[in-house]
Amino acid sequence: MADEMKMIDSVLTEVNQIDEATRKEMGHMMETMLIRCSFNGVPCTPSDFHPFLNWRHGNCFTFNSGWGNTTPVITRNPGSDHGLSMSFYIQTIEYVDALTETVGLKVILTDQNEMPFPEDEGTIISAGTHSQLTIQRLEVVRAGAPATPDCQSDHDNYTNYYDTIVPDLAYQEKTCLRTCVQKEINRRCHCRYAPYPGPNIRLCFPTDPEDAKCTDTIIKQYRSGNLECDCLAACNEVTYNTAASAATWPAGHAWEMLNAKLEREFPYLRGLNMTQDWARENFAKVDIFYPKLNFEKVVQTLDYGVLDLLSDIGGILGFWIGLSIASLLELVEFAVQVIVLVLTQIVNRQKHKVGEMTMITVQPMK
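Residues numbered from 1 in each chain as written. Predicted model: local features only at pLDDT ≥ 70, side-chain atom pairs only at ≥ 80, totals over all residues. Heavy atoms only, no water.

What to know about the pattern of salt bridges
For clarity, the cut-off: Counted as salt bridges are all cases of a side-chain nitrogen of Lys or Arg within 4 Å of a carboxyl oxygen of Asp or Glu. The secondary structure listing takes helices from DSSP runs of H or I that are at least 4 residues long and strands from runs of E that are at least 2 residues long, numbered from the N terminus. Exposure classes here rest on a 1.4 Å probe applied to the protein chains alone. A residue is buried below 20% of its type maximum, exposed above 50%, and partly exposed in between.
As enumerated under the stated definition, the model contains twelve salt bridges in all. Of the charged contacts, one joins arginine 188 and glutamate 184 as a salt bridge, the two residues approaching to 3.1 Å between their closest N and O atoms. You can see arginine 188 and its partner glutamate 184 sitting in helix H4 (residues 173–189), four residues apart, about one turn around the helix. Overall, glutamate 184 belongs to the buried group, its relative accessible area being 17%. Close ionic contact of glutamate 265 with lysine 261 constitutes a salt bridge, the shortest N to O distance being 2.8 Å. One end of the pair, glutamate 265, and the other, lysine 261, are both in helix H6 (residues 252–265), four residues apart, so they sit about a helical turn from each other. Taking relative accessible area as the criterion, glutamate 265 reaches 40% and is therefore assigned partly exposed. One salt-bridge network, in which partners are shared between bridges, spans Glu119, Asp120, Glu121, Lys174 and Arg178.

Encoded structure:
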């Protein structure tokens, strides 16, 4: 298994040495894949999909990406009629058997201005099925410093090699980590790790013993958490929870309608021996929508913040200062009482002495 994966990685590394324009032409094109498309009941076309190249999957396409100057589209109603519906011609005849074990599509849901990672994420849509993906938005807002662990905002300065694929991406912990790995491989192995974007230097080849040893060491450090990368979780992060269901497609009556549409609107499919069994190996349909227009938001707040600390310090100081003043007044009162008592005793003694000196003794006359 390891030798097979190394062989596949070696082939993909060779392919990734080809210039970008040629690699795009070698891959599947949305113009020949997309059979039907609608969003919120409005037709969509291949021009509504933003293409980008993935190291393992080749041509990938993003709908409603928000990348560049594009304006995101929105839906205000739940249900499949108000979501995104797409039908695809998968073109299994162009698959390379040695590089793939499955036939179908992979669908990933991300927020606008985020980089998708089809090699790690997503839902597989099998050929010959009509799949439905219901989605729910989950937003996480982290407090950041002084809370631990800290987080990183979009406004923080950091190097992101994925900007070479799509400019002005929002901060993601994964893009930061992979950029960190690429930098370390560049520095120690003097080559570029093919699965991740990076500077325009020679590629590291899995079949080269020195390259393989060097890159494997760094990748193992990264996976074990021993590679020092200053990458924090995003302070604001949006994910989409999905639930998938599927049924066989196209059915008998659906195939008749689809076949007529294909022969009428797609000349490049004419002449193919398109049977229903062939269609179930080459076509797939997927609907993506909100079943309910609600979302979940998780907000992290400080249980004991700076203001709480200052307030408590002020209260404690006030308490002790109050006690100190009260004690001082009691001491003053005690001192006054002592002084008054002493003065009173002194005055009483003086009066007693004067009385003794003025006493007259009267004796009777004889």
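Continuing now.
Details of the packing of H4 against helix H5 (residues 209–223)
The cut-off we apply is this: To define axes, lines are fitted to C-alpha atoms, for helices over the stretch in contact only, and angles between the resulting N-to-C directions are given on a 0 to 180 degree scale. In this scheme the crossing of two helices becomes right-handed for a clockwise turn of the near helix relative to the far one and left-handed for an anticlockwise turn of less than a right angle. In what follows, a contact means two residues having at least one pair of non-hydrogen atoms within 4.5 Å. Residues are sorted three ways: Asp, Glu, Lys and Arg are charged, Ala, Val, Leu, Ile, Met, Phe, Trp, Tyr, Cys and Pro are nonpolar, and all the rest, Gly among them, are polar.
Their axes nearest at 10 Å, the elements H4 and H5 cross at an angle of 145°. Relative to H5, H4 is oriented so that their crossing is right-handed. Here H4 contributes Leu177, Val181, Glu184, Ile185, Arg188 and Cys189 to the contact with H5, which in turn contributes Cys214, Thr215, Thr217, Ile218, Ile219, Gln221 and Tyr222. Of the residues assigned to the contact of H4 with H5, the class counts are eight nonpolar, three polar and two charged.

Details of unusual backbone geometry
Excluding glycine, most residues fall at negative phi; most peptide bonds, likewise, are trans. Of note, the bond from tryptophan 249 into proline 250 is cis; its omega dihedral lies within 30 degrees of zero at 0°. Even without being glycine, asparagine 64 reaches a positive phi, approximately 60°. Positive phi, close to 60°, is recorded for glutamine 91, a residue that is not glycine. With respect to the helices and strands, glutamine 91 occurs in the loop between strand S5 (84–89) and strand S6 (104–107). Classification of glutamine 91 as buried rests on a relative accessible area of 5%.

Some words on the state of the cysteines
Quick note on the threshold: The term disulfide is used for any two cysteine sulfur atoms that are within 2.5 Å.
One pass over the structure, following the stated rule, counts six disulfides. Here cysteine 151 pairs with cysteine 235 through a disulfide, and the sulfurs are 2.1 Å apart. Across the S-S bond linking cysteine 151 and cysteine 235, the dihedral sits near 95°, which makes this disulfide right-handed. Of this pair, cysteine 151 sits in strand S9 (residues 151–152) while cysteine 235 sits in the loop between strand S10 (233–234) and strand S11 (236–248), and the two are 84 residues apart along the sequence.

All we've got here are geometric facts, nothing functional implied.
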